[in-house]
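Observations on chain architecture
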Amino acid sequence: MTATGARTPQEVFADHGDRLGTGDLDLISRNYAEDAVFVTPDGVLTGRAGVREGIGRLLADLPDADWQLTPQFAGDVLFLRWTATTATHRVTDGTDTFVFRDGLISAQTVRYTLTDRPL
């Protein structure tokens, strides 16, 4: 593996996906800069503690989800459209924006609508 500062946005995002799969919020947050911002419709969370809180909410809303991702990179920015399905819920309109700096995620926006999954 290359040094953290040498990672491309694509490498960071791939590693982020692997870490999300573990559910380990401390491990996940290490892909973020210490001064990262995590922006949601409910407000702005800051630092790695804020990232852990925001990602924790997402994973609690969508435990063991089947994710479908459509990433679109533009230099150090990623626009991500996604859907997710669990046994009881689904998201069909997920969108995130990531900003990468020095091999880490420095900012992320997250927006999705959680709905009950039809039986």
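Presented here is an overview of the structure given in this document. (Residues numbered from 1 in each chain as written. Predicted model: local features only at pLDDT ≥ 70, side-chain atom pairs only at ≥ 80, totals over all residues. Heavy atoms only, no water.)

1. Section: the side chain of Asp-96
The cut-off we apply is this: Helix and strand definitions follow DSSP, with helices as H or I runs of at least four residues and strands as E runs of at least two, each counted in order from the N terminus. In this scheme, a residue with accessible area under 20% of its type's maximum is buried, one over 50% is exposed, and one in between is partly exposed, where area comes from a 1.4 Å probe on protein chains only. Asp and Glu count as negative and Lys and Arg as positive, but His and the ends of the chain are not part of the count. The working definition used for a salt bridge is a side-chain nitrogen of Lys or Arg within 4 Å of a carboxyl oxygen of Asp or Glu. By the criterion applied in these results, polar contacts are pairs of N or O atoms within 3.5 Å in which, for protein atoms, one can donate a hydrogen and the other can accept it, and in which residues neighboring in sequence qualify only through two side-chain atoms. The contact criterion used throughout is that any non-hydrogen atoms of two residues lie within 4.5 Å.
Examined against the element boundaries, Asp-96 turns out to sit in strand β5 (residues 89–101). In this structure Asp-96 is buried but unpaired, with Arg-111 as the nearest side chain of opposite charge at 9.1 Å. A distance of 2.8 Å separates the side chain of Asp-96 from the side chain of Trp-82, its partner in a polar contact. If we skip the residues at most four places from it in the chain, Asp-96 touches Leu-78, Phe-79, Leu-80, Trp-82, Gln-108, Thr-109, Val-110 and Arg-111.

2. A few points about the nonpolar core
Put simply, the rule is: The term nonpolar core refers to a set of buried residues drawn from Ala, Val, Leu, Ile, Met, Phe, Trp, Tyr and Cys, joined through side-chain atoms within 4.5 Å.
Counting 21 residues, the largest nonpolar core has Tyr-32, Phe-38, Leu-62, Trp-82, Phe-98 and Phe-100 as its most contacted members. For this core, the secondary-structure elements that each account for two or more residues are α1 (9–22), β1 (32–40), α3 (47–61), β4 (77–85), β5 and β6 (104–111). By residue number, the principal contributor to this core is β4, which donates 4 residues. Once residues lying within four places of it in the same chain are set aside, the contact partners of Phe-38 are Tyr-32, Gly-43, Val-44, Leu-45, Val-51, Gly-54, Ile-55, Gln-108 and Val-110.

3. Looking at the pattern of salt bridges
This model, assessed by the stated rule, comprises 7 salt bridges. In this structure, Asp-15 and Arg-7 form a salt bridge, with 3.2 Å as the shortest nitrogen-oxygen distance. Judged on exposure class, the residue Asp-15 and its partner Arg-7 are both buried. The salt bridge involving Asp-93 is made with Arg-111; its shortest N-O contact spans 2.9 Å. Of this pair, Asp-93 sits in strand β5 while Arg-111 sits in strand β6, and the two are 18 residues apart along the sequence.

By themselves, these are just geometric observations and shouldn't be taken as functional.
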